[in-house]
Amino acid sequence: MDLATCERACEAEDMRACAELGRRNALGIERGRDPQRAVQHFERACEGGDLHGCTYLASSYELGEGVARDYALAHRHYERACEGGEGRACAGLAGLLMESDPARAGELYKRARTLLETSCEEEPAYGCGALAWLNLQDHSREPDPSRALSLYRKGCRAGDATACVSLGDLVRGDDGSATDATRDAYSNACELQYLYACTELALECFVGDHPDSTPARGVELLERSCSLGDEHGCATLGTAYASGVGVERDLAEAARLYGAACERDDAYACGSLGILYSLGHGVKRDLSRARELFTFACGREDLIACGNLGWMMVEDLGGSRGDRQRGEALLARSCDRGDARSCYRLGVAIDRDPAQGGRPEEAARLYRQGCETGDADACSALAVAYIDGQAIDKDEELASELARYACQEGSAMGCTLAGQVAYHGVGVEQSRDLAGSYFARACELGDVHGCEVLARWASSGKPVEGVEADASEYWSAGLDLRNRACEGGSVGDCVVLGVYYVRGLGTGRNFQRAVELYELGCAAGVMSSCTMLGQVLITGSGVDADPTRGADLFERACKAEDAVACTWMGLAFHQGKGRQVDYSRARRLYEAGCEAGVGFGCVGLSVMYEKGQGLKRNARQAKRFRTRACELGEQKYCD
């Protein structure tokens with residue numbers, strides 16, 4: 001009977017119909033799974049004397065589906081149904097007793113087999129699948145796959161959708177791949193409105209090579225499952241929209257579908273929605289919401305969500321401050337259980353562990369594990385380790401191969417590294433043009449360093465063969481990537497973004513915006529940001545000058561051993577900007593800066609010698625320091 005007829009029959013006190021209605025809610029047949037509602041129907045059927053209902057109720061308590069796990073209640077309901085002649089209940093009770101009372105369990109298995117043999121003849125849609133399972137799982141005798149296969153076929157033909165799915169799994173290839181027989185069995189189960197089977201059949205359409213298995217067909221099946229309330233179907237359809245497989249890519253629609261499935265407690269959907277919130281794809285970026293979603297999904301054993309939550313804790317993102325130790329533990333757990341991305345991230349965390357000064361050997365081991373299990377960025381990091389030769393033996397040729405492989409597999413970081421390797425000839429023949437092609441690919445994949453290298457090359461009038469974009473396009477791409485990273489909480493990217501606005505790279509100059517970004521970086525303790533903020537304020541570049549605050553900022557950064565800040569502090573004393581003129585202090589600060597390679601310090605000394613400020617005029621010394629400033633990149637002081 002169809003679902004509506006089944007519901008009416010249950011309301012009319014047909015207890016067998018109530019048990020069947022519970023089964024459909026439990027499995028997701030004709031509607032999305034609803035384990036809690038299923039238990040209500042099972043309880044009603046069991047109380048009304050239907051042994052099938054008691055068996056299903058016992059199974060719910062045994063598995064903790066729709067109700068808290070309770071082995072005592074499972075035992076009681078199995079026993080009642082078994083005593084009434086329900087073979088599946090006898091098998092369930094045998095399973096519960098197998099360790100504590102193997103002798104009785106063996107007797108129960110025999111009774112179950114006898115009862116199910118009869119049931120399979122009288123009610124094949126109910127008994128044959130259970131008997132087939134018993135031929136595989138009865139611990140008191142050898143498994144009989146051939147007999148199980150025959151029984152699953154009989155049950156499937158009689159309309160048991162779960163028997164069809166079990167049949168499909170049993171006839172898979174030796175490597176676990178779907179065969180034509182698998183697809184046929186799942187197709188039969190889908191026609192019987194088993195939504196799980198429809199969703200699995202859709203997945204096969206995305207990855208299989210059967211002529212009828214097309215992505216478009218997969219989307220059609222998922223839309224059907226999702227419309228009927230199958231959360232897994234909605235989540236999988238969300239992934240199709242997120243990746244653009246079978247449909248046009250639409251991240252907003254992906255977020256909507258993930259949200260619908262997440263509301264029904266689908267852990268994968270919640271974790272996937274968390275990723276969209278963490279990136280701001282299809283929804284407004286919200287790291288706190290992402291953390292909530294990852295926490296929920298991780299609590300339901302979604303390894304990827306646990307890894308993402310661990311990374312947020314390590315990086316102090318989304319309200320995770322102070323949880324670094326727990327974050328590393330989550331990453332380690334996900335890595336150990338097969339999540340390659342978590343291995344890579346744990347390696348990064350360990351490599352820069354502030355408490356232990358980094359553990360490069362352990363990090364390299366994790367990079368290798370992540371690389372071997374499929375994370376391209378882990379391969380990139382492993383390549384760097386082979387180039388450095390600190391944690392593992394140096395091997396530039398292998399490093400080059402790993403970088404190229406990582407790039408080929410979609411690692412933006414790997415492409416940038418491959419570009420650097422080609423440009424410097426590390427383990428390969430040196431080639432600037434090849435390096436440029438790797439940098440271009442890195443930029444396309446979202447690594448800002450690739451964009452900025454090509455922007456600088458194009459700005460210097462040295463284009464790369466095969467790379468057509470001009471400097472403004474690459475600076476614009478870099479601006480967008482830095483902005484996104486800044487909005488995501490990366491203070492370092494905010495500081496660099498400030499430089500973009502000061503220099504007008506990929507955008508018009510905006511000193512006010514630069515000041516805002518430098519303020520943010522300085523408040524976070526980035527001394528270079530304090531220095532750059534001081535430079536803008538002391539010179540009044542595009543904003544109202546504030547020499548006193550500018551000098552205060554230089555002093556703060558100088559105490560933190562920022563050589564550039566110390567050098568600019570020399571300017572404050574030299575020109576009396578924010579401080580009283582003090583040529584002696586200015587000279588000492590300029591000298592220290594020049595010796596440290598800060599060209600501006602050499603410029604200051606040159607001026608002081610030229611004008612005789614705080615020391616004797618000396619044209620030769622003035623010229624010497626101008627030459628040194630030129631060597632350090634101060635082009636306008638080059639003769």
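Note: the structure precedes this text.
Conventions we followed
- Residues numbered from 1 in each chain as written.
- Predicted model: local features only at pLDDT ≥ 70, side-chain atom pairs only at ≥ 80, totals over all residues.
- Heavy atoms only, no water.
- Helix = DSSP H or I, 4+ residues; strand = E, 2+ residues; numbered from the N terminus.
- Rg over C-alpha atoms; globule rule 2.2 N^0.38 Å.
- Buried < 20%, exposed > 50% of the residue type's maximum accessible area, 1.4 Å probe, protein only.
- Contact = heavy atoms within 4.5 Å.
- Areas by Shrake-Rupley, 256 points an atom, 1.4 Å probe, with all protein chains shown as cover.
- Lys, Arg positive; Asp, Glu negative; His and termini not counted.
- Charge placed at Lys NZ, Arg CZ, Asp CG, Glu CD.
- Expected span 1.5 Å × (residues − 1).
- Axes fitted to C-alpha atoms, helices over the stretch in contact; angles between N-to-C directions.
- Parallel < 35°, antiparallel > 145°, perpendicular 65-115°, else oblique.
- Left-handed = near helix turned anticlockwise from the far one by under 90°.
- Nonpolar A, V, L, I, M, F, W, Y, C, P; charged D, E, K, R; others polar.
- Patch = residues over 30% accessible without salt bridge, like charges linked within 9 Å, V, L, I, M, F, W, Y side chains within 5 Å.
- Salt bridge = Lys/Arg side-chain N within 4 Å of Asp/Glu carboxyl O.
- Core = buried A, V, L, I, M, F, W, Y, C linked by side-chain atoms within 4.5 Å.

Enquirer: Tell me about the overall build of the protein chain, and name the residues and values.
Expert: Helices and strands together make up the secondary structure of the protein chain, namely 35 helices and zero strands. In terms of overall dimensions, the protein chain is more spread out than a globule: its C-alpha atoms have a radius of gyration of 34 Å, far above the 26 Å expected for 639 residues. Expressed as a percentage of the 639 residues in the protein chain, the buried residues total 48%. Relative to all contacts within the protein chain whose residues are 6 or more apart in sequence, the contacts with residues 24 or more apart total 45%. Working note: accessible area of the protein chain is about 30300 Å², and carbon and sulfur atoms make up 46% of it. Of the side-chain charges in the protein chain, 72 are positive and 99 negative, and the distance between the mean point of each set is 8 Å.

Enquirer: Pulling in residues and values, what's your account of helix α26 (residues 448-459)?
Expert: End to end, α26 covers 16 Å across 12 residues, agreeing with the expected 16 Å (1.5 Å per residue, within 8%). By the burial criterion, the buried members of α26 are V448, G450, C451, E452, V453, L454, A455 and W457. On its buried side, α26 packs onto α24 (412-424), α25 (432-445), α27 (471-487) and α28 (491-503). Note on α26: the residue one or two positions beyond its end, G461, has a positive phi of about 75 degrees.

Enquirer: Outline the packing of helix α8 (residues 124-137) against helix α9 (residues 145-157), supporting the account with residue identities and numerical values.
Expert: Remark: α8 packs on α9, axes separated minimally by 8 Å, with the N-to-C direction vectors making an angle of 165 degrees. Compared by their axis directions, α8 and α9 come out roughly antiparallel. Note that α8 runs across α9; the crossing there is left-handed. Here α8 contributes P124, A125, C128, G129, L131, A132, W133, N135 and L136 to the contact with α9, which in turn contributes P145, R147, A148, L151, Y152, K154 and G155. Residue composition of the contact of α8 with α9, by class: 11 nonpolar, three polar and two charged.

Enquirer: An account of a negative patch on the surface is needed here, citing residue identities and associated values.
Expert: Taken together, the side chains of D393, D395, E397 and E401 make up a negatively charged region of the molecular surface. Position of D395 among the secondary structure elements: in the loop between α22 (376-388) and α23 (396-408).

Enquirer: I'd like a rundown of the nonpolar core, residues and numbers included.
Expert: Within the largest apolar cluster, 91 residues are counted, with the highest numbers of intra-cluster contacts made by L167, A189, Y194, L237, Y258 and L276. For this core, the leading source of residues is helix α15 (residues 251-263), giving seven residues. Once you skip the residues sitting within four places of it in the chain, L276 turns out to touch L251, A254, A255, Y258, H281 and V283.

Enquirer: Report on the environment of L167, specifying residues and quantitative values.
Expert: Mapped onto the fold, L167 is located in helix α10 (residues 161-170). Since its relative accessible area comes to 9%, L167 is described here as buried. The sequence separation of L167 and W133 amounts to 34 residues, and the corresponding C-alpha distance is 10 Å.

Enquirer: Explain unusual backbone geometry to me, using residue names and the numbers behind them.
Expert: Backbone phi values are negative for most residues with the exception of glycine, while trans is the configuration of most peptide bonds. Its identity as a non-glycine residue notwithstanding, E30 has a phi of 75 degrees, on the positive side. If you trace the backbone, E30 turns up in the loop between α2 (15-27) and α3 (35-47). A positive phi is found at D316, a non-glycine position, where the angle reads about 55 degrees. In this structure, D316 sits in the loop between α18 (303-314) and α19 (324-336). Judged by its relative accessible area of 33%, D316 is partly exposed.

Enquirer: Requested: an account of the packing of α10 against helix α11 (residues 180-191), with residues and values cited.
Expert: Packed helix pairs are specified by the crossing angle of their axes together with the interaxial distance, meaning the distance between the axes. Contact pair α10 / α11: the axes reach a minimum separation of 8 Å and the direction vectors enclose 165 degrees. When the interaxial angle is binned, α10 and α11 end up roughly antiparallel. Note on packing geometry: the crossing formed by α10 with α11 is left-handed. Here α10 contributes A161, C164, V165, L167, G168 and D169 to the contact with α11, which in turn contributes T182, A185, Y186, N188 and A189. Its residues assigned to classes, the contact of α10 with α11 shows seven nonpolar, three polar and one charged.

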